Every structure is written in structure tokens, then in C-alpha cells.
Amino acid sequence: VERIYKHPRWGKYVKARKKYMAHDESNMCGPGDKVLMVHSRPLSKHKKWVVTEILRKERVYDHGNVGKKKESLLFDGDAAAGDSSTGATSDDVTGL
């Protein structure tokens, strides 16, 4: 939970964050999801809240594909070798 408050001495607005441990019986929530919780009896040492509904799911990113190109374009030397009008051979890669 994130809240913004005015600092009592300096008058500057400060962002404060707090994490709550909540019981999710169906195991449907992920990190970053916005949920609605209700207070309940203590379920463990730190868990005193129960998730009642998921308001908004957080986007999930595939970290394995970060920074990679969608297609990698490779030079096909066979296509240049078949073209006799340019005189290019398969060893000649400067004619891109």
C-alpha cells in the first residue's frame, strides 16, 4: 500500500510504502496485483488479512526475451552466387 503525506516539519510531500501479508486461498494473485482485503483473525504471525477479490492484475513480462530483436536478418550467400549478372560469388559479401 502506498500513501502520500505531508512531512510535519519540512512541509514536503513524502511517499510511504507498506507491505501487508494476506491469505490468498485460491492462489490467484501475483506480485503487483491490486486486491481488496478484509481484516480477519490472525492466520499466522504476520498474516491478518484475507484477499476477497482481485481489482486489477499486474502485467507479466517475459524476462528471457528482453533486449532481443524480433527477427535476426542473416546474409544469404547462395542468393548472391546464383545471380550471374552482378558477378558476385558466395565468398563476396561486400556487395550488400
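Rules of the game
- Residues numbered from 1 in each chain as written.
- Predicted model: local features only at pLDDT ≥ 70, side-chain atom pairs only at ≥ 80, totals over all residues.
- Heavy atoms only, no water.
- Helix = DSSP H or I, 4+ residues; strand = E, 2+ residues; numbered from the N terminus.
- Contact = heavy atoms within 4.5 Å.
- Areas by Shrake-Rupley, 256 points an atom, 1.4 Å probe, with all protein chains shown as cover.
- Pairing = 2+ DSSP bridges.
- Buried < 20%, exposed > 50% of the residue type's maximum accessible area, 1.4 Å probe, protein only.
- Polar contact = N/O pair within 3.5 Å; in protein donor to acceptor, adjacent residues only side chain to side chain.
- 1 Å grid on protein atoms, 1.4 Å probe; cavity = no way out; pocket = protein on both sides within 12 Å on 5 of 7 lines; lining within 4 Å.
- Points joined across faces, edges and corners; volume = space filled by probe spheres on them.
- Nonpolar A, V, L, I, M, F, W, Y, C, P; charged D, E, K, R; others polar.
- Salt bridge = Lys/Arg side-chain N within 4 Å of Asp/Glu carboxyl O.

### Some details on the overall build of the protein
Line of reasoning, step 1. Each helix and strand counted, the protein has 1 helix and 5 strands in total.
Line of reasoning, step 2. Going residue by residue from the N terminus, the α and β elements of the protein occur as β-β-β-β-β-α.
Line of reasoning, step 3. Considering only contacts in the protein between residues 6 or more positions apart, those separated by 24 or more positions represent 26%.
Line of reasoning, step 4. For the protein, the exposed surface amounts to about 9,200 Å²; the carbon and sulfur share of it is 53%.

### Looking at the sheet that holds strand β5 (residues 49–56)
Line of reasoning, step 1. Taken in spatial order, the 3 strands of this open sheet run β3-β5-β4, and their pairing is mixed. Across the chains shown, the open sheet's two edge strands, defined by having one partner strand only, are β3 (22–23) and β4 (34–39).
Line of reasoning, step 2. Bridge analysis of β4 against β5 gives 6 bridges, and the strand direction is antiparallel. Note that in β5 the partner of Met37 across the bridge is Val51.

### Thoughts on the side chain of Asp33
Line of reasoning, step 1. The topology assignment puts Asp33 in the loop between β3 and β4.
Line of reasoning, step 2. Here Asp33 falls in the buried class, since its relative accessible area comes to 13%.
Line of reasoning, step 3. At a separation of 2.7 Å, a polar atom in the side chain of Asp33 contacts the main-chain amide nitrogen of Gly30.
Line of reasoning, step 4. Within polar-contact distance, the side chain of Asp33 engages the side chain of Lys57 at 3.3 Å.

### A few points about the layout of surface pockets
Line of reasoning, step 1. Roughly 610 Å³ of volume is contained in the largest pocket.
Line of reasoning, step 2. Val1, Tyr20, Gly32, Asp33 and Val35 are the residues nearest the centre of the largest pocket, which is lined by 16 residues in total.
Line of reasoning, step 3. For the lining of the largest pocket, the leading source of residues is β4, giving 3 residues.
Line of reasoning, step 4. Its residues assigned to classes, the lining of the largest pocket shows 8 nonpolar, 2 polar and 6 charged.

### So, the pattern of salt bridges
Where charged atoms from two side chains of opposite charge come close, those side chains can pair.
Line of reasoning, step 1. Counting across every chain of the model gives 3 salt bridges.
Line of reasoning, step 2. Among the salt bridges present, the one from Arg17 reaches Glu2, with a minimum N-O distance of 3.0 Å. One end of the pair, Arg17, is in strand β2 (residues 13–17); the other, Glu2, is in strand β1 (residues 2–6), with 15 residues separating them in the sequence.
Line of reasoning, step 3. On the basis of relative accessible area, Arg17 is assigned to the exposed category, the value being 70%.
Line of reasoning, step 4. Its relative accessible area of 47% is what places Glu2 among the partly exposed residues.
Line of reasoning, step 5. In this structure, the salt-bridge partner of Asp33 is Lys57, at a minimum N-O distance of 3.3 Å. Of the two residues, Asp33 sits in the loop between β3 and β4 while Lys57 sits in the loop between β5 and α1 (77–81), which places them 24 residues apart along the sequence.

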